[in-house]
Structure formats: structure tokens, C-alpha cells
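Structural features, examined
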Protein chains: 2
Amino acid sequence: MCGHTHCKMKGFLSFLILWMLKNKKMTGSEITDEMEKRKGRRFSPGTIYPVLKKLKDSGLIIDDEEKKYSLTENGEKELNIHIENFFRIFWDLEEMRKHCKCHEHRK
Amino acid sequence: MCGHTHCKMKGFLSFLILWMLKNKKMTGSEITDEMEKRKGRRFSPGTIYPVLKKLKDSGLIIDDEEKKYSLTENGEKELNIHIENFFRIFWDLEEMRKHCKCHEHRK
DNA sequence: TCTCCAATATCGTATTTACGATAACAGTTT
DNA sequence: AAACTGTTATCGTAAATACGATATTGGAGA
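Here we summarise the structure given alongside this text. (Residues numbered from 1 in each chain as written. Chains lettered and ligands numbered in written order. Predicted model: local features only at pLDDT ≥ 70, side-chain atom pairs only at ≥ 80, totals over all residues. Heavy atoms only, no water.)

**Comments concerning the protein's contact with DNA strand C**
For clarity, the cut-off: Any residue with at least one heavy atom within 4 Å of a molecule or strand is counted as near it. Any pair of N or O atoms that falls within 3.5 Å is considered a polar contact. Within protein, one atom must be able to donate a hydrogen and the other to accept it, and sequence-neighbouring residues count only if both atoms are side-chain atoms. Secondary structure follows DSSP: runs of H or I at least 4 residues long count as helices, runs of E at least 2 residues long count as strands, and numbering of each begins at the N terminus. Each residue gets one of three labels, nonpolar for Ala, Val, Leu, Ile, Met, Phe, Trp, Tyr, Cys and Pro, charged for Asp, Glu, Lys and Arg, and polar for the others, Gly among them.
The environment of DNA strand C is formed by 22 residues, the closest being Phe-43, Gly-46 and Thr-47 of chain A together with Ser-29 and Tyr-49 of chain B. Of all atoms in DNA strand C that approach within 4 Å of the protein, 67% are sugar or phosphate atoms. In this structure, Ser-44 of chain A approaches DNA strand C through a side-chain N or O atom, which is 3.5 Å from a base nitrogen. Here Tyr-49 of chain B contributes a side-chain N or O atom positioned 2.7 Å from a phosphate oxygen of DNA strand C. Those elements giving two or more residues to the surface near DNA strand C turn out to be helix H3 (45-57) of chain A together with helix H2 (28-39) and helix H3 (45-57) of chain B. The dominant element in the surface near DNA strand C, judged by the number of residues it contributes, is H3 of chain B, at five residues. The residue makeup of the surface near DNA strand C, split by class, is seven nonpolar, eight polar and seven charged.

Shown next, in the form of C-alpha cells:
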């Protein structure tokens, strides 16, 4: 997939994890699977779990006996802030989408 | 602006610069100004100019006598790839926007 | 020409993000 | 209990991204 390009756009993994957990409790491996669908490439465990640990230590997510993670109240607040920022930065997303005629992925 | 949060979401600066240049020739300082509007915070010159240099060295952008940068053909191609990837990763943006009732920033 | 000023550029470093390898752990099956 | 398997977790390191300070450049005006 995605050929060799120059800007790698690192840096929205924890944001996406928060977003995914907003909709559904998930385990680490479920998160890994879902991320793969989005990115096209599989993140290594050495990427996912440290992020989960960081988010947990920061009090943004918690896990239950089954290792299913979900958002805390703070996590929810922080997610909202991030979404706000995100749409301020990318305020012209619609134009961008039109530009490349991006056919809805995954509908 | 944006209070202290945990995930910093670095990593879309060169992407955004390519996108901005798609629409309009710009100088370094114009790019800095525009980025400030998006991010809410001013990037330091030590951030902007190295990125411009990298993009130029990679043949994605060129500058004219007036130091106005614009996309090359390769730059255009690469931008399109990035946009494709972007919308695959964030395929559920609409849901996200609805979720936070993000009032359109900036018209 | 000389001075001033903003824009541009570079340097060294800090921080963040991600990787690969490997280890610990839990549940199943034999 | 022992071996197997997939998930979870940690460690050290590499790469990407951004910062702050500083240097350089190129006019505009005195």
C-alpha cells in the first residue's frame, strides 16, 4: 500500500485510539486490528501497548477485568478538545476531499 | 488556546504545507501566518524553514525569484497520495464532526 | 553608502512517535 | 503437568518532528 512518500504524518495514534474507544470498548489486539484497517499497515505491539499504557497512566482510559479499554470522563473531555483542534487545523477538509474525489472508504 | 493535553499530534506540517501550496503560491512567512491561523500557535522559523528546505530538496516544491513556493508535478502526486491515505485513516470524519457539533471554523 | 528591519536560513538539541526483539502471562489442549 | 498459542507488556533504539537561538540575506529609507 501507500508507496514511499516523504512526509510520514506520524502522530495521531493516541488521538485515533481515544476516538475508537469512544464508540466501543476494545482490547489491545482489537485496537491493533482496527488500526490496521485504517492505516493499511499493522502497527507493532511495541507501538500500541506503550501508547495504551501512557493513556492509562494519564487517566484518560481504563481497562476492566477482560482487558477491555474504555474512556474515562477525562478521556472524553480530552478527546473533545482534540477533535475541536483537529477541525480547526483542517477546517477545509471538504475542499480537500472534493479535490481528490475521494470515494468514501468503507462507507 | 488549546490547553495542556497529552497527545500532541505532531506530524502533519509538511502535509498541510503541500495542501496550502496547492491552492496558492506562498512565501515562508505567508505559510507561517496561515499555519498560525490553523494551529492557534505560531510555529518558529526553525520549524517552517527546515520543512520547506526538505520539501524543496525532495523535489516536491520549488521557489521562484520572489521566494514564493509552489508545488511541482511530483509534489502534486505526493499530495494526492497523502490525501488518499488521510481519508482512509479518517474515514469516519463526519461522525467525528457531528459528535462534537463542530461549528464550521472560518466559514 | 550605511543602517535598520523583516524574512530567510542554519545549527544543535529536546520531544514525540514508532519499531523490532524479546519477555511475561493466561488459557487450551495434549 | 507440559507444550502450545495468542495476547499483553517492556526495553532499547531509531526516526521524525519541532523548538530556540543565532546567523545571514536583501531591500527600504536616512
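**Description of empty space enclosed by the protein**
Convention followed: A pocket here means an open set of points on a 1 Å grid, computed over the protein atoms alone, that has protein on both sides within 12 Å along at least five of seven lines. A cavity is instead a set of points where a 1.4 Å probe fits but cannot get out; residues with an atom within 4 Å of a point line either one. Grid points are joined across faces, edges and corners, and a volume is the space filled by probe spheres set on the points.
Counted under the stated rule, the structure contains two cavities of 30 Å³ or more. Lining the second largest cavity are Met-9, Phe-12, Phe-86 and Phe-90 of chain A together with Met-9, Phe-12, Phe-86 and Phe-90 of chain B. Tallied by class, residues from the lining of the second largest cavity come to eight nonpolar, no polar and no charged.

**Quick look at the packing of aromatic side chains**
Definition in use: Pairing of aromatic rings covers Phe, Tyr and Trp, the last counted by its six-membered ring, and requires centre-to-centre distances within 6.5 Å; plane angles under 30 degrees mean stacked, over 60 mean edge-to-face, and any other angle means tilted. Burial status follows relative accessibility: with a 1.4 Å probe on protein chains alone, a residue under 20% of its type maximum counts as buried, one over 50% as exposed, and anything between as partly exposed.
Taken as a whole, this structure holds 13 aromatic pairs over all chains when the rule is applied. Centroid distance Phe-12 of chain A to Phe-90 of chain B: 5.4 Å. Interplanar angle 65 degrees. Geometry classified as edge-to-face. Highlighted residues: Phe-12 of chain A in the segment before helix H1 (13-23) and Phe-90 of chain B in the loop between helix H4 (73-89) and helix H5 (93-99), drawn from two different chains. Since its relative accessible area comes to 8%, Phe-12 of chain A is described here as buried. Among the aromatic residues, those joined into a ring-pair cluster are Phe-12, Phe-15, Phe-86, Phe-87 and Phe-90 of chain A together with Phe-12, Phe-15, Phe-86, Phe-87 and Phe-90 of chain B.

**Points about H1 of chain A**
Taking burial as the measure, the 11 residues of H1 of chain A include nine buried ones, the bulk of the element. What H1 of chain A keeps buried is the set Leu-13, Ser-14, Phe-15, Leu-16, Ile-17, Leu-18, Trp-19, Met-20 and Leu-21 of chain A.

**Section: the pattern of salt bridges**
Threshold: When a carboxyl oxygen of Asp or Glu lies within 4 Å of a side-chain nitrogen of Lys or Arg, that pair is called a salt bridge.
By the definition in use, this model includes 20 salt bridges over all chains. The closest approach of N and O atoms between Arg-42 of chain A and Glu-36 of chain A, which form a salt bridge, is 2.5 Å. The class of Glu-36 of chain A is partly exposed, set by a relative accessible area of 30%. In this structure, Lys-56 of chain B engages Asp-63 of chain B in a salt bridge whose closest nitrogen and oxygen atoms are separated by 3.2 Å. Accessibility expressed as a relative area gives 38% for Lys-56 of chain B, which makes it partly exposed.

**Some remarks on the protein's contact with DNA strand D**
Around DNA strand D, the surrounding shell holds 22 residues, and the nearest of these are Ser-29 and Tyr-49 of chain A together with Phe-43, Gly-46 and Thr-47 of chain B. Put simply, 64% of the atoms of DNA strand D that lie within 4 Å of the protein are in sugar or phosphate. At 3.4 Å, a side-chain N or O of Lys-10 of chain A approaches a sugar or linking oxygen of DNA strand D. A distance of 2.7 Å separates a phosphate oxygen of DNA strand D from a polar side-chain atom of Tyr-49 of chain A. Those elements giving two or more residues to the surface near DNA strand D turn out to be helix H2 (28-39) and H3 of chain A together with H3 of chain B. A total of five residues in the surface near DNA strand D trace back to one element, the largest contributor, which is H3 of chain A. Residues that form the surface near DNA strand D fall into these classes: seven nonpolar, eight polar and seven charged.

**Some details on the packing of H1 of chain A against helix H4 (residues 73-89) of chain A**
Angle between the axes and distance between the axes are the two parameters that describe a pair of packed helices. Residues and elements named next belong to chain A. Just so we agree on the cut-off: Note on geometry: axes are lines fitted to C-alpha atoms, helical ones only across the stretch in contact, with angles between N-to-C directions running from 0 to 180 degrees. Should an angle fall under 35 degrees it is called roughly parallel, over 145 degrees roughly antiparallel, and 65 to 115 degrees roughly perpendicular, with every other angle called oblique. Two helices crossing with the near one rotated counterclockwise from the far one by less than a right angle form a left-handed crossing, whereas a clockwise rotation gives a right-handed crossing. By the convention used here, residues are in contact when the closest approach between their heavy atoms is within 4.5 Å.
Where H1 contacts H4, the two axes come as close as 10 Å, and the packing angle between them is 120 degrees. With respect to H4, the axis of H1 lies oblique. Handedness of the crossing formed by H1 with H4: left-handed. Each of Phe-15, Leu-18, Trp-19 and Lys-22 in H1 lies in contact with H4, whose residues at this interface are Glu-76, Leu-79, His-82, Ile-83 and Phe-86.

No statement about biological role is implied by the geometric values presented.
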